Amino acid sequence: MTPRPKLNDPAERAAYQRELRMVARPVRWLGVALAIVAAILALVRARYAPQIPMILPLFLLGIAALHMIAAIVIRMKYHQARMKPQE
C-alpha cells in the first residue's frame, strides 16, 4: 500500500479525497441503480399493473440499501488501512 497521506497539505488532501471517491464506486452506483429501478417498478405497479406484488419493489429497495451500506463499510475499511501507521 502507498504511504500514509499528509492531510495537512491541501494538495495531498484533495488527492486523497479523489482517491476515496473511487473506492467501491461500482457498488455505490449499483445501489443507486437498484433504488431507481425499485422506484420505477413501484410507480408502474401503482399506476398500470397492480397485479405486480408489492414485495418486489421493496425487495429491490432493500438490496439497494445493502449495497450502499456495503460501499460505506468498504470505504471505511480502506481508509482505516490507509491511515494505519507504517511499521
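Residues numbered from 1 in each chain as written. Predicted model: local features only at pLDDT ≥ 70, side-chain atom pairs only at ≥ 80, totals over all residues. Heavy atoms only, no water.

*Asks:* Help me understand the overall build of the protein, please; the structure alone is not making it clear to me.
*Replies:* A count of helices and strands for the protein gives three helices and zero strands. Listing every helix and strand of the protein by position from the N terminus yields α-α-α. Since a compact globule built from 87 residues should have a radius of gyration of about 12 Å, the 19 Å found for the protein marks it as more spread out than a globular shape. Structurally, the protein occupies a C-alpha span of about 60 × 25 × 15 Å along its principal axes. Counting across all 87 residues of the protein, residues that qualify as buried make up 20%. Counted over contacts in the protein with a minimum sequence separation of 6, partners at least 24 positions apart contribute 69%. With an accessible surface of roughly 6,500 Å², the protein has 70% of that area assigned to carbon and sulfur atoms. A distance of 15 Å separates the average location of the 13 positive side-chain charges in the protein from that of its 4 negative side-chain charges. (Helix = DSSP H or I, 4+ residues; strand = E, 2+ residues; numbered from the N terminus. Rg over C-alpha atoms; globule rule 2.2 N^0.38 Å. Buried < 20%, exposed > 50% of the residue type's maximum accessible area, 1.4 Å probe, protein only. Contact = heavy atoms within 4.5 Å. Areas by Shrake-Rupley, 256 points an atom, 1.4 Å probe, with all protein chains shown as cover. Lys, Arg positive; Asp, Glu negative; His and termini not counted. Charge placed at Lys NZ, Arg CZ, Asp CG, Glu CD.)

*Asks:* Just checking my understanding: could you explain unusual backbone geometry for this structure?
*Replies:* What you tend to see is this: most non-glycine residues have negative phi, and most peptide bonds are trans. For A24, which is not glycine, the phi dihedral falls at a positive 60 degrees. By the element assignment, A24 lies in the loop between helix 1 (10-22) and helix 2 (25-47).

*Asks:* Where do I start with the nonpolar core in this structure?
*Replies:* General note: in soluble globular proteins, nonpolar side chains tend to be found buried as a group. Counting seven residues, the largest nonpolar core consists of L34, A38, L41, A49, I52, L60 and A64. For this core, the secondary-structure elements that each account for two or more residues are helix 2 and helix 3 (55-83). Here this core takes three residues from helix 2, the largest share from any one element. (Core = buried A, V, L, I, M, F, W, Y, C linked by side-chain atoms within 4.5 Å.)

*Asks:* Would you take a moment to explain the packing of helix 2 against helix 3 for this structure?
*Replies:* How two helices pack is summed up by the angle between their axes together with the distance between the axes. Between helix 2 and helix 3, whose axes approach to 8 Å, the crossing angle comes to 165 degrees. What the angle tells us is that helix 2 and helix 3 run roughly antiparallel. Note that helix 2 runs across helix 3; the crossing there is left-handed. Where helix 2 approaches helix 3, its residues V27, R28, L30, G31, V32, L34, A35, V37, A38, L41 and A42 are matched on the opposing element by L56, P57, L60, L61, I63, A64, H67, M68, A70, A71, I74 and R75. Looking at the contact of helix 2 with helix 3 residue by residue, the class counts come to 19 nonpolar, two polar and two charged. (Axes fitted to C-alpha atoms, helices over the stretch in contact; angles between N-to-C directions. Parallel < 35°, antiparallel > 145°, perpendicular 65-115°, else oblique. Left-handed = near helix turned anticlockwise from the far one by under 90°. Nonpolar A, V, L, I, M, F, W, Y, C, P; charged D, E, K, R; others polar.)

What is shown is where atoms sit, not what they do.
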